[in-house]
Amino acid sequence: MSQETTTPEALPPGEAGAGHAQGLLAEAPPPPEPPHIKVANDETIAEGAALLRAGELVAFPTETVYGLGADALNPDAVAKIFKAKGRPADHPVIVHLAAAEGVEAFAREIPDAARRLARQFWPGPLTLVLKRAERVPGVVTGGQDTVALRVPSHPVAQALLAAFGGGVAAPSANKFGRVSPTTAEHVGADFGTAIPLILDGGASPVGIESTIVDLSGEAPRLLRPGGVPVAAIEQVLGAALAPPGEAAPRAPGRHGTHYAPRAHVKLVRRREMIEIVGSHKGRRVAALALEVSLPRLAPALQRVVPAVAAQYAHELYASLRALDATGADVILVEQPPQTPAWAAVNDRLRRAAGAAPASDET
Ligand code: TXA
Ligand code: MG
């Protein structure tokens, strides 16, 4: 959507000729329906657990991003996640558990390294890929012999998992390829009433997805940087993590087309950002700036985020969604520092920037 789009109501009388109006109507978004967002409390969490048991979808907050959950052992329920998201069926999803003890029910041949990482970082933003137990349906694993497991720390996720009493398969609760949601409103914006219940537990504190480590092979491998720093994981393992290789299991979040807003995202240095803002040749430009706002850009078209990695991560997706909603053609993102502390943030920014066609340069 761009601001130039005229709503039919805004047309002067006489210009609302059938053809013209129809063209505009065809482009107009459908009227927003009230999403099924409910503040998380004992009652709504019990309702969520009952929906999961009935094979329905429930969106819920985790400390990283919101998840779109279904009973992990019910293939029909998990299939609904793929349908709602528009996600290809061969992409595996993470199974969320209330406690590390649950791992035995979903994985086999669990290595000592997995136990040590679980002890140190669970509950928390770490996902472990292990060899799957036979009972885990193929729709969860994308037909692979491995399963991704995570024990989230968010109190609402914890309460929902405890009330449900089983594993909950949940990818991030966004439409496939779009920016992950960090609030219940983000989930509502993507799905409307297509999900029977969206539990609202406030903004996700971490703000970007979990770190994924594959422990199903010879050596521990990093599949995705995220909420737990790689250095902290390597310290517990006493060894370096191998980078994702050719033979790594499929992790769609590693592809460039993920975590992308509709607008073209361009990573730039501050000087370049100021130059583009001053000479954007009719394109609608929005910006995500570090610490200091841009002088020649309307406040509504920019977000200023702290140059502290954890705070930046917390605000990143909400900022991208807000800037995307301005109808901007281009979102200029000021390049954060390229130090290890920023690895997960820079990973997501690169993906967001990589999603636009090369011809779409400013
Ligand atoms: O923080 C998170 O991890 C969030 C919250 C909701 O827990 N979840 C999340 O899910 O980011 P999703 O589906 O958007 O990304 C999960 C990633 C995908 O890249 C998927 O391919 C990968 O985990 N994955 C799942 N199972 C896997 C497996 N068996 N082997 C390799 N990668 C796997
Ligand atoms: Mg995702």
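One can find the structure itself at the top, above this paragraph.
Residues numbered from 1 in each chain as written. Chains lettered and ligands numbered in written order. Predicted model: local features only at pLDDT ≥ 70, side-chain atom pairs only at ≥ 80, totals over all residues. Heavy atoms only, no water.

Describing the pattern of salt bridges
Phase 1 of the analysis: Within the structure shown, the criterion is met by 15 salt bridges.
Phase 2 of the analysis: The shortest N-O distance in the salt bridge between Arg108 and Glu109 comes to 3.2 Å.
Phase 3 of the analysis: For Arg108, a relative accessible area of 30% puts it in the partly exposed group.
Phase 4 of the analysis: Connected through salt bridges with shared partners, the residues Arg108, Glu109, Lys131, Arg132 and Asp145 form a single ionic network. (Salt bridge = Lys/Arg side-chain N within 4 Å of Asp/Glu carboxyl O. Buried < 20%, exposed > 50% of the residue type's maximum accessible area, 1.4 Å probe, protein only.)

Overview of the layout of surface pockets
Phase 1 of the analysis: What the second largest pocket holds in volume is close to 300 Å³.
Phase 2 of the analysis: Of all the secondary structure elements, the ones that give two or more residues to the lining of the second largest pocket are helix H9 (230-237), helix H11 (309-324) and helix H12 (343-354).
Phase 3 of the analysis: Both domain 1 (37-237) and domain 2 (264-356) contribute no fewer than three residues apiece to the lining of the second largest pocket. (1 Å grid on protein atoms, 1.4 Å probe; cavity = no way out; pocket = protein on both sides within 12 Å on 5 of 7 lines; lining within 4 Å. Points joined across faces, edges and corners; volume = space filled by probe spheres on them. Helix = DSSP H or I, 4+ residues; strand = E, 2+ residues; numbered from the N terminus. Domains from an automatic or database assignment.)

Some words on H11
Phase 1 of the analysis: For H11, with 16 residues, the first-to-last C-alpha span of 22 Å sits near the 22 Å given by 1.5 Å per residue.
Phase 2 of the analysis: For H11, the principal kink sits at Leu316 and spans about 40°.
Phase 3 of the analysis: Residues Ala309, Tyr312, Ala313, Leu316, Tyr317, Ser319, Leu320, Arg321, Leu323 and Asp324 constitute the buried set of H11. (Expected span 1.5 Å × (residues − 1). Bend = angle between axes of the 7 residues up to and from the residue.)

A look at the pairing of strand S11 (residues 221-224)
Phase 1 of the analysis: Pairing geometry for strand S10 (residues 211-214) and S11, over three bridges, is antiparallel. Directly across from Val213, in S11, lies its bridge partner Leu222.
Phase 2 of the analysis: What sits between the antiparallel neighbours S10 and S11 is a turn of six residues. (Pairing = 2+ DSSP bridges.)

Observations regarding the sheet that holds strand S12 (residues 264-268)
Phase 1 of the analysis: Read across the sheet, four strands follow the order S12-S15-S13-S14 without closing on themselves; strand pairing throughout is parallel. Both outer strands of the open sheet, S12 and strand S14 (302-305), are each paired with one neighbouring strand and no more. If you compare each strand with its neighbour and ignore which way they point, the axes differ by 15° on average.
Phase 2 of the analysis: Of the pairings in the sheet, the one linking strand S13 (residues 285-290) to strand S15 (residues 330-334) comprises four bridges and is parallel in character. Bridging across to S15, Ala286 finds its partner in Ile331.
Phase 3 of the analysis: Sheet contacts for H12: S12 and S15; angle to S12, the most-contacted strand, approximately 130°. (Axes fitted to C-alpha atoms, helices over the stretch in contact; angles between N-to-C directions. Contact = heavy atoms within 4.5 Å.)

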